[in-house]
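This is what each chain is made of:
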Amino acid sequence: MSDVERITVLSGGMGGAKFLQGLLHGIAAGILPGVSPDAEVTVVANTADDLWVHGLKVCPDLDTVMYTLGDGIDPERGWGRREETWSVREELTAYGVDNTWFGLGDRDVATHLVRTQMLEAGYPLSAVTRALCERWQPGVRLLPMTDDRVETHVAVTDEEAPSGRRVVHFQEYWVRLRAGVPAEAVVVVGLEQSTPGPGVLEALRETDLVVLPPSNPVVSVGTILGVPGVRDALRDTPAPVVGLSPIVGGTHVRGMARQVLEAVGVEVGAGAVGRHYGARSAGGVLDGWLVDSRDADDVAAVREAGIACAAVPLMMTDHDATAAMAAAAVSLVLG
Ligand code: FO1
C-alpha cells in the first residue's frame, strides 16, 4: 500500500471543516490505512459565499475552516468566534444600518478589518489568508479556490417583482431567507472568468489523494469544480479522488443542499450526488464515493456509473467517527 504523504481536500464551510478535524485526528492517530502520520493536508476552499458587508470583506468558508482548525470557532453556531460579543452589531442596528441580519461578532470583525485592509493595500486573498493563518495555525495549508471575486447569487420567487423573481446574494438566501423559499436558479457570478488561486492546480496535480468532503455539492464543492482548470487538473491527477456524501437518508444533514440540488435539477440522493460528480473514467471527477449505511441501496447504481462505492456510517458525531469515515474513504480508493 503506497504511503500517502499529501492529501488535498476541496472544502466548503461547516461540513468541510468538521470533516477536516476528523481527518487530521485520524492522520495524527495513524489510523488511516497507508497514510503517513506526517501527511500534509492542503485545503482548497470555496470563496463564492464571500460578501462585502459594512465595507468589510467576509469569507465565511475560509474563516470557518481557519477558526475550526485553529480552535477559535463557536462550536454551537459552527461559524464565527466562540466567546463572542455583539456590541458592533448592536450599535449598527441602533444606527438603523441594514444588513445586520448577517451577524458580525466583535472578535470576528477584527478578522474582516485585517483582511479588508490587506486587500485594499493590494494583497491577493491568498496572501491575506496566509497572513491570517499565521495567527490561527490551522495545521493545513489553506488556499482560496481563486483570488478573483466570485459570488453565488440565488434567484428566488418574488410575486412583487415584475419578472416574478428576484436575485439575492447566497448569504441573504441562506441567512435572511433561511433557505425557506425555493431557489429557482443558482448563478455563480464571475466563476467563468476566474483563475485558480496560487498553488491550487499544483495541490490537485501533485498530491497522493484528493477528497471531496461532505460539503455542499452545488454551492461549495460545485463552485470549486467550476473554477476553470480545476476539473482538468482533477481528471489528470495521478492521485485517486474520493468523495463522501453530504446527503444522508434523502436529505442534507445540515445547511441547504436539498434546496440547491433541486434548483440545479439534481435528485436529492446520496447515490445521485455521486453520479452527479461523475466517474473520472467517464469525464467526471470521482474514483470512489462513500454513502451512509442508510443509503446502502444506492451503492449498486453508483458502481454501475463506474465509481467504487461503499456504505458506511457518515454522521460526524465526534472526531473518532469522522476519522473512521476518512479511513473508509482511503480504503475505498487505495485499498
Ligand atoms: N450564518 C447565519 O445563519 N447567521 C449569521 O448571522 C451568520 C453570520 C456569519 C458571519 C461570518 C461568517 O463567517 C459566517 C456567518 N454565517 C452566518 C454562516 C454562513 O452563512 C455560513 O458559514 C456559510 O456561508 C454557509 O455555508
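Residues numbered from 1 in each chain as written. Predicted model: local features only at pLDDT ≥ 70, side-chain atom pairs only at ≥ 80, totals over all residues. Heavy atoms only, no water.

**Q** I'd like a rundown of the site of the ligand, residues and numbers included.
**A** Surveying the vicinity of the ligand reveals 15 residues, the closest of which are Asp49, Gly103, Gln171, Trp174 and Arg178. The contact in question runs from an oxygen atom of the ligand to an N or O atom on the backbone of Gly103, over 2.8 Å. For the ligand, an oxygen atom lies 2.6 Å from a polar atom in the side chain of Gln171. Contact with the protein chains removes 92% of the 530 Å² of surface that the ligand exposes when unbound. For the shell around the ligand, the secondary structure elements donating two or more residues are helix 2 (60-69) and helix 6 (170-176). Here the residues of the shell around the ligand sort into nine nonpolar, two polar and four charged. When we break the shell around the ligand down by domain, the ones giving at least three residues each are domain 2 (51-144) and domain 3 (151-189). (Near = heavy atom within 4 Å. Polar contact = N/O pair within 3.5 Å; in protein donor to acceptor, adjacent residues only side chain to side chain. Areas by Shrake-Rupley, 256 points an atom, 1.4 Å probe, with all protein chains shown as cover. Helix = DSSP H or I, 4+ residues; strand = E, 2+ residues; numbered from the N terminus. Nonpolar A, V, L, I, M, F, W, Y, C, P; charged D, E, K, R; others polar. Domains from an automatic or database assignment.)

**Q** Hey, could you go over the packing of helix 2 against helix 4 (residues 106-120) for me, with residue numbers and the actual values?
**A** Relative to each other, helix 2 and helix 4 sit at 125 degrees, their axes nearing to 12 Å. In this view, helix 2 runs oblique relative to helix 4, as classed from their interaxial angle. Seen along the crossing, helix 2 lies across helix 4 with a hand that is right-handed. Packed against helix 2, whose contacting residues are Asp63, Met66 and Tyr67, the element helix 4 presents Asp108, Thr111, His112 and Arg115 at the interface. Of the residues assigned to the contact of helix 2 with helix 4, the class counts are two nonpolar, two polar and three charged. (Axes fitted to C-alpha atoms, helices over the stretch in contact; angles between N-to-C directions. Parallel < 35°, antiparallel > 145°, perpendicular 65-115°, else oblique. Left-handed = near helix turned anticlockwise from the far one by under 90°. Contact = heavy atoms within 4.5 Å.)

**Q** Give a detailed account of the sheet that holds strand 6 (residues 151-157), specifying residues and quantitative values.
**A** Strand pairing in a sheet relies on backbone hydrogen bonds, with the paired strands running either antiparallel or parallel. Taken in spatial order, the three strands line up as 7-6-8 in an open sheet, and their pairing is antiparallel. Two strands in the sheet have a free side with no partner beyond their single neighbour: strand 7 (165-169) and strand 8 (183-189). In this sheet, neighbouring strand axes are inclined to one another by 25 degrees on average, regardless of whether the strands run parallel or antiparallel. (Pairing = 2+ DSSP bridges.)

**Q** Outline the state of the cysteines, listing residues and values.
**A** A complete count under the given rule lists zero disulfides for this structure. Here Cys59 stays unpaired: no disulfide links it, and the sulfur of Cys133, its closest cysteine neighbor, is 11 Å away. Look at Cys59 and you get buried, because its relative accessible area is 0%. (Disulfide = S-S within 2.5 Å. Buried < 20%, exposed > 50% of the residue type's maximum accessible area, 1.4 Å probe, protein only.)

**Q** Tell me about the side chain of Asp108, and name the residues and values.
**A** One can find Asp108 in helix 4. In this structure, Asp108 is buried with no salt-bridge partner, the nearest side chain bearing the opposite charge being Arg115 at 6.6 Å. Within polar-contact distance, the side chain of Asp108 engages the side chain of His112 at 2.9 Å. If near-sequence neighbours (up to four positions away) are discounted, Asp108 is found in contact with Asp63, Tyr67, Arg81 and Glu84. (Lys, Arg positive; Asp, Glu negative; His and termini not counted. Salt bridge = Lys/Arg side-chain N within 4 Å of Asp/Glu carboxyl O.)

**Q** Provide a residue-level description of a negative patch on the surface, including the pertinent values.
**A** On the surface, Asp3, Glu5, Asp38 and Glu40 cluster together into a negatively charged patch. Checked against the element boundaries, Glu40 lands in strand 2 (residues 35-45). (Patch = residues over 30% accessible without salt bridge, like charges linked within 9 Å, V, L, I, M, F, W, Y side chains within 5 Å. Charge placed at Lys NZ, Arg CZ, Asp CG, Glu CD.)

**Q** Can you explain unusual backbone geometry? Please cite residues and give values.
**A** A negative phi angle is the norm for most residues apart from glycine, just as the trans form is the norm for most peptide bonds. The phi angle at Asp71 is positive, at roughly 65 degrees, despite the residue not being glycine. If you trace the backbone, Asp71 turns up in the loop between helix 2 and helix 3 (87-94). Residue Arg178 is not a glycine yet carries a positive backbone phi of 50 degrees. With respect to the element layout, Arg178 can be found in the loop between helix 6 and strand 8.

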